[in-house]
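Residue-level structural notes
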Amino acid sequence: MRKKPNLNFDELKNPMYTYHYSREERLRRRRSHSEETPQKWYYRLVGNNKTTLQLLVFYILLAVVFWFFWWGVRSQAEDKRVFRVGEQRFVEVRWIEGKQKKGWNVLLDNKSSIPWRLAFVQAEIGDRVVFSTNVSLEIEPNDYLVWFFPWEEEKPALTKMVVNVKE
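Not measured: the values here are computed from a predicted model. (Residues numbered from 1 in each chain as written. Predicted model: local features only at pLDDT ≥ 70, side-chain atom pairs only at ≥ 80, totals over all residues. Heavy atoms only, no water.)

**A look at the overall build of the protein chain**
Test applied: Helix and strand labels come from DSSP, where a helix needs a run of H or I of at least four residues and a strand needs a run of E of at least two; each type is numbered from the N terminus. Throughout, a residue-residue contact means that at least one pair of heavy atoms, one from each residue, lies within 4.5 Å.
When its secondary structure is counted, the protein chain shows 4 helices and 9 strands. If you list the helices and strands of the protein chain from N to C, you get α-α-α-α-β-β-β-β-β-β-β-β-β. The long-range share in the protein chain, meaning contacts at least 24 apart out of those at least 6 apart in sequence, stands at 53%.

Structural data, given as structure tokens:
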């Protein structure tokens, strides 16, 4: 039986890799490597952590998207007010202004399980009556009714509007 020779480290090392024997050589190589690639300011901001930088960018983009949707929904709702009359009964008043018509669109929405009997609907802004009707009607459960009231004057402030409904 043939005895295996005792090989030293230089004979065992793989030529594809670079080996560093001393701690001093490793430290010198690490220091020279960090000096070669300058850090960008945004990496220094997050402590040279790539994952933290990616999360920061993600949350900034998420905040921009939420702000955009909030801005879009808020600007859309400037011409609309919703009044809760009773349990699952709503009166939605919307200002409509176009080339052919200008006025108030009123949606009476009954989402309850019992019919809604109305005798009087009136909207006021301050002491001024915007629209009023005394038509007696009944809105079936999960049904709605839409009215349009023309208005030739300028659009008043919807934030001060009050709707009175008598059943």
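**As for the nonpolar core**
As a reminder of what qualifies: In this text, buried Ala, Val, Leu, Ile, Met, Phe, Trp, Tyr and Cys residues form a nonpolar core when linked through side-chain atoms within 4.5 Å. Remark: exposure states derive from per-residue accessible area (1.4 Å probe, protein chains only) relative to the maximum for the residue type, with buried under 20%, exposed over 50%, and partly exposed in between.
One finds Val91, Trp104, Phe131 and Met161 to be the most contacted residues of the largest nonpolar core, which totals 23 residues. Those elements that place two or more of their residues in this core are β2 (89-97), β3 (102-110), β4 (116-118), β5 (120-125), β6 (128-133), β7 (137-139), β8 (143-150) and β9 (161-166). Setting aside chain neighbours within four positions, we find Val91 in contact with Arg81, Val82, Phe83, Val85, Val106, Leu107, Leu108, Trp116, Val163 and Val165.

**Digging into a positive patch on the surface**
Selection rule: A patch consists of residues exposed above 30% relative accessible area that lack any salt bridge, with like charges linked at up to 9 Å and nonpolar side chains (Val, Leu, Ile, Met, Phe, Trp, Tyr) linked at up to 5 Å. Throughout, the Shrake-Rupley method with a 1.4 Å probe supplies accessible areas, and for residues the shown protein chains are the sole cover considered. Take a side-chain nitrogen of Lys or Arg and a carboxyl oxygen of Asp or Glu: if they are within 4 Å of each other, that pair is a salt bridge. Residues scored as positive are Lys and Arg, those scored as negative are Asp and Glu, and His as well as the terminal groups of each chain are ignored. Lys charges are placed at NZ, Arg charges at CZ, Asp charges at CG and Glu charges at CD.
There is a patch of like positive charges on the surface, built from Arg23, Arg26, Arg30 and Arg31. As for its placement among the helices and strands, Arg30 is situated in helix α2 (residues 23-36). Classification of Arg30 as exposed rests on a relative accessible area of 59%.

**A few points about the packing of aromatic side chains**
Worth spelling out the cut-off: Each Phe, Tyr or Trp ring (for Trp, its six-membered ring) is paired with any other whose centre lies within 6.5 Å, and the angle between the two planes then decides the class: stacked below 30 degrees, edge-to-face above 60, tilted in between. Cation placement over rings: the criterion is NZ of Lys or CZ of Arg within 6 Å of the ring centroid and within 35° of the ring normal.
The final tally for this structure, using the stated rule, is 8 aromatic pairs. For the pair Tyr42 and Tyr43, a centre-to-centre distance of 5.4 Å together with 35 degrees between the ring planes defines the contact as tilted. We classify Tyr42 as partly exposed; its relative accessible area is 30%. When the ring of Trp95 is compared with that of Trp104, the centres are 4.9 Å apart and the planes differ by 70 degrees; the resulting orientation is edge-to-face. A relative accessible area of 0% means that Trp104 is categorised as buried. Looking at Lys101, its charged tip hangs above the ring of Phe148, at a distance of 5.5 Å from the centre.

**A word on the pairing of β3**
Let me state the cut-off plainly: Strand pairing is assigned whenever DSSP detects at least two bridges linking the two strands.
Counting buried positions along β3 gives 7 out of 9 residues, so the element sits mostly inside the fold. Taken together, the 9 bridges between β2 and β3 define a ladder with antiparallel strand orientation. By the bridge assignment, Val91 is partnered in β3 with Leu108. Adjacent in sequence and paired antiparallel, β2 and β3 are bridged by 4 residues. Relative to β8, β3 runs antiparallel, the two sharing 8 bridges. Each bridged residue has a counterpart across the sheet, and for Asn110 the counterpart in β8 is Asp143.

**Brief notes about the pattern of salt bridges**
Taken as a whole, this structure holds 5 salt bridges when the rule is applied. Of the charged contacts, one joins Glu167 and Arg89 as a salt bridge, the two residues approaching to 3.5 Å between their closest N and O atoms. Of this pair, Glu167 sits in the segment after β9 while Arg89 sits in strand β2, and the two are 78 residues apart along the sequence. On the basis of relative accessible area, Glu167 is assigned to the exposed category, the value being 55%.

**Some remarks on the sheet that holds β2**
One key point about sheets: their strands pair by backbone hydrogen bonds, in either a parallel or an antiparallel sense. Quick reminder of the rule: Interaxial angles span 0 to 180 degrees and are taken between N-to-C directions of axes, which are lines fitted to C-alpha atoms, for helices over the stretch in contact.
Spatially, the 4 strands line up as an open sheet ordered β1-β2-β3-β8, and their pairing is antiparallel. Each of the sheet's edge strands pairs with one partner strand only, and the pair in question is β1 (80-86) and β8. Averaged over all pairs of adjacent strands, the angle between strand axes in this sheet comes to 20 degrees, irrespective of strand direction. The sheet contact formed by β1 and β2 spans 6 bridges and is antiparallel. Bridge pairing in β2 links Lys80 to Arg94.

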